[in-house]
Amino acid sequence: MELPIRIEKCPIVDAIFEIRFTSNIYSSAVFGLIYNILKDNYPEVVKLPILQLPEELRENDPNLRFKPTYKAAGDGFIIQIGPEVFSITSEIPYVGWKRFSAEIENILKSIFEQDVIKRVHRLGLRYINHFNTDIFNNIKLNVLIDNKERALKNTVFRTEIEKGDFLSTLQIANNVGNATDKRERNGSILDIDVFKIFDDDSFEDNFMKLINEAHYSEKRLFFELFTEKFLNSLNPVYS
């Protein structure tokens, strides 16, 4: 299947790149060292509410361990930093993969040069899309009950797909609003989170190759879901 370069009717409402890691320094010093590298491009820094919790609780609770403690905004992007996590989010409207990946590459190179990170354990790339229609009527997914197709109302679908070196968590829901738009309107969410777990030091040696592969995996799954008619309605651009 030939994948479009982009679609003119872009449905992306969130695009997040994340790494989880162990560091070479005390956890309390991670934010300061990373932010010192990035502060010129991300001047607006905010403490997140999780900092009100005791440090020991945050470090030992698996639900809190990889939560960021600070965020900062720059030109078109938002970064979030915690003792064992770093993420970068594209502001909406989405800036496009060329610019997004370039920012990811520049930041990670700077962080690795400072030897803050000992080992990256998880790479994640997540895209959340909102459609002003019932997406279940426009994708190649059939749900049968007693071998019969049923009308899918207020439906949430979640599965994990393994392909190559990556796992993808696919979540689809209809009859939901757009969190980025304050106006009341129903539609559907298509959420794809592509990730890879590392048990060695291989991420740093090949990080942009791995990140581009994760993006391709996400993009392929996204477009393979759609019926031809629905994809054409989104005005795909191939060159």
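Rules behind the numbers
Residues numbered from 1 in each chain as written. Predicted model: local features only at pLDDT ≥ 70, side-chain atom pairs only at ≥ 80, totals over all residues. Heavy atoms only, no water. Core = buried A, V, L, I, M, F, W, Y, C linked by side-chain atoms within 4.5 Å. Buried < 20%, exposed > 50% of the residue type's maximum accessible area, 1.4 Å probe, protein only. Helix = DSSP H or I, 4+ residues; strand = E, 2+ residues; numbered from the N terminus. Contact = heavy atoms within 4.5 Å. Salt bridge = Lys/Arg side-chain N within 4 Å of Asp/Glu carboxyl O.

**Student:** Tell me what's going on with the nonpolar core, and back it up with residues and numbers.
**Tutor:** By size, the foremost hydrophobic cluster in this structure holds 59 residues, and its most contacted members are Phe 17, Phe 86, Ile 88, Phe 100, Phe 203, Ile 211 and Phe 226. In terms of residue count, the dominant contributor to this core is helix α5 (residues 207-225) (nine residues). Not counting residues within four places of it along the chain, the set of residues in contact with Ile 88 comprises Ala 15, Ile 16, Phe 17, Tyr 42, Phe 77, Ile 78, Ile 79, Phe 100, Glu 103, Ile 104 and Ile 107.

**Student:** Just give me the short version of the environment of Ser 27, but keep the residues and values in it.
**Tutor:** Assignment of secondary structure puts Ser 27 in helix α1 (residues 27-38). What Ser 27 contacts, discounting residues up to four positions off in sequence, is Glu 55, Glu 59 and Pro 83.

**Student:** Can you lay out the side chain of Ser 217 for me, pointing to particular residues and giving the numbers?
**Tutor:** Its location among the elements puts Ser 217 in helix α5. Assessed through its relative accessible area of 14%, Ser 217 is described here as buried. Leave out the neighbours within four places in its chain, and Ser 217 touches Phe 166, Ser 168 and Val 194.

**Student:** Give a detailed account of unusual backbone geometry, specifying residues and quantitative values.
**Tutor:** Residue Pro 93 follows Ile 92 across a cis peptide bond; omega there is 10°. One can find Pro 93 in the loop between β6 (85-90) and α3 (97-113). For Asp 146, which is not a glycine, the phi torsion comes out positive at approximately 55°.

**Student:** How would you explain the pattern of salt bridges if you had to name every residue and give the values?
**Tutor:** Within the structure shown, the criterion is met by 11 salt bridges. Glu 18 serves as the salt-bridge partner of Arg 20, at 2.9 Å between the closest nitrogen and oxygen. The exposure class of Arg 20 is partly exposed, given its relative accessible area of 26%. The residue Arg 65 makes a salt bridge to Glu 84 at a minimum N-O spacing of 3.0 Å. Of this pair, Arg 65 sits in the loop between α2 (55-60) and β4 (70-73) while Glu 84 is found in the loop between β5 (77-82) and β6, placing the two residues 19 residues apart along the sequence. Accessibility expressed as a relative area gives 35% for Arg 65, which makes it partly exposed. Judged by relative accessible area, Glu 84 falls into the buried class, the value being 15%. One connected set of salt bridges, linked through shared partners, spans Glu 18, Arg 20, Arg 122 and Asp 193.

**Student:** So, the environment of Lys 71: which residues are in play, and what are the values?
**Tutor:** Mapped onto the elements of the fold, Lys 71 is located in strand β4. A relative accessible area of 35% places Lys 71 in the partly exposed class. Lys 71 sits 68 residues away from Ile 139 along the chain, and the two C-alpha atoms are 36 Å apart. Discounting chain neighbours no more than four positions away, the residues touching Lys 71 are Glu 44, Val 45, Val 46, Leu 48, Ile 78, Ile 79 and Gln 80.

Geometric descriptors of this kind do not, in isolation, establish any biological role.
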